[in-house]
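# Structural overview for review
Here are the chains, one letter per residue:
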Amino acid sequence: QVQLVESGGGLVQPGGSLRLSCAASGSIFSRSNMGWYRQAPGKERELVAFVTSGGIRDYAASVKGRFTISRDIVKDMIYLQMSSLVPDDTAVYYCTAGLRTWWNSRGGDYWGQGTQVTVSS
């Protein structure tokens, strides 16, 4: 069983930066594809970024060039470094993990509780 715990959310001004962290537990972590989704009020959940067990990364078009996903196998952590933030980035950000190719569907088999990111002046 994999458990995920996000942290690092908060309030940031437009143009600012924020780093989200996701701590993972479970023996399948190193073999899992992991990533981030977000959901803003009144909107559907959307994929933000993912990183495969082999280190392949990709991003939603809306965040490409501004966000960076990374993973630390030693610490069982993934991160989302967010830069040049805009108000439309405001959402609850969720960490997800799974063994399958899940980013073309609803997400992974495991989810964190979410962390709020608010971009506002």
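Refer to the preceding data block for the structure.
Residues numbered from 1 in each chain as written. Predicted model: local features only at pLDDT ≥ 70, side-chain atom pairs only at ≥ 80, totals over all residues. Heavy atoms only, no water.

Counted by the stated rule, this structure contains 1 disulfide. Residue C22 pairs covalently with C95 via a disulfide, S to S 2.1 Å. Every disulfide takes its handedness from the sign of the S-S torsion; for C22 and C95 that torsion is -85°, giving left-handed. Placement of C22 in strand 3 (residues 18-25) and of C95 in strand 9 (residues 91-98) is noted, with a sequence separation of 73 residues between them. When its relative accessible area of 0% is taken as the criterion, C95 is described as buried. (Disulfide = S-S within 2.5 Å. Helix = DSSP H or I, 4+ residues; strand = E, 2+ residues; numbered from the N terminus. Buried < 20%, exposed > 50% of the residue type's maximum accessible area, 1.4 Å probe, protein only.)

Despite not being glycine, D76 has its phi angle at roughly 55°, a positive value. Here D76 is to be found in the loop between strand 7 (67-72) and strand 8 (77-82). Within the chain, S84 stands out as a residue other than glycine whose phi angle is a positive 50°. With a relative accessible area of 43%, S84 lands in the partly exposed category.

It is worth spelling out the sheet that holds strand 7 at this point. The antiparallel open sheet is built from 4 strands, whose spatial order is 1-3-8-7. Because the sheet does not close on itself, it has two edges, and the strands there are strand 1 (3-7) and strand 7. Across the sheet, the mean angle separating the axes of adjacent strands is 15° when strand polarity is ignored. Both strand 3 and strand 8 contribute to a ladder of 6 bridges, which runs antiparallel. (Pairing = 2+ DSSP bridges. Axes fitted to C-alpha atoms, helices over the stretch in contact; angles between N-to-C directions.)

The element strand 8 is extensively covered by neighbouring structure, given that 5 of its 6 residues are classed as buried. Two successive antiparallel strands, strand 7 and strand 8, enclose a turn made up of 4 residues, where D76 displays a positive phi of approximately 55°.

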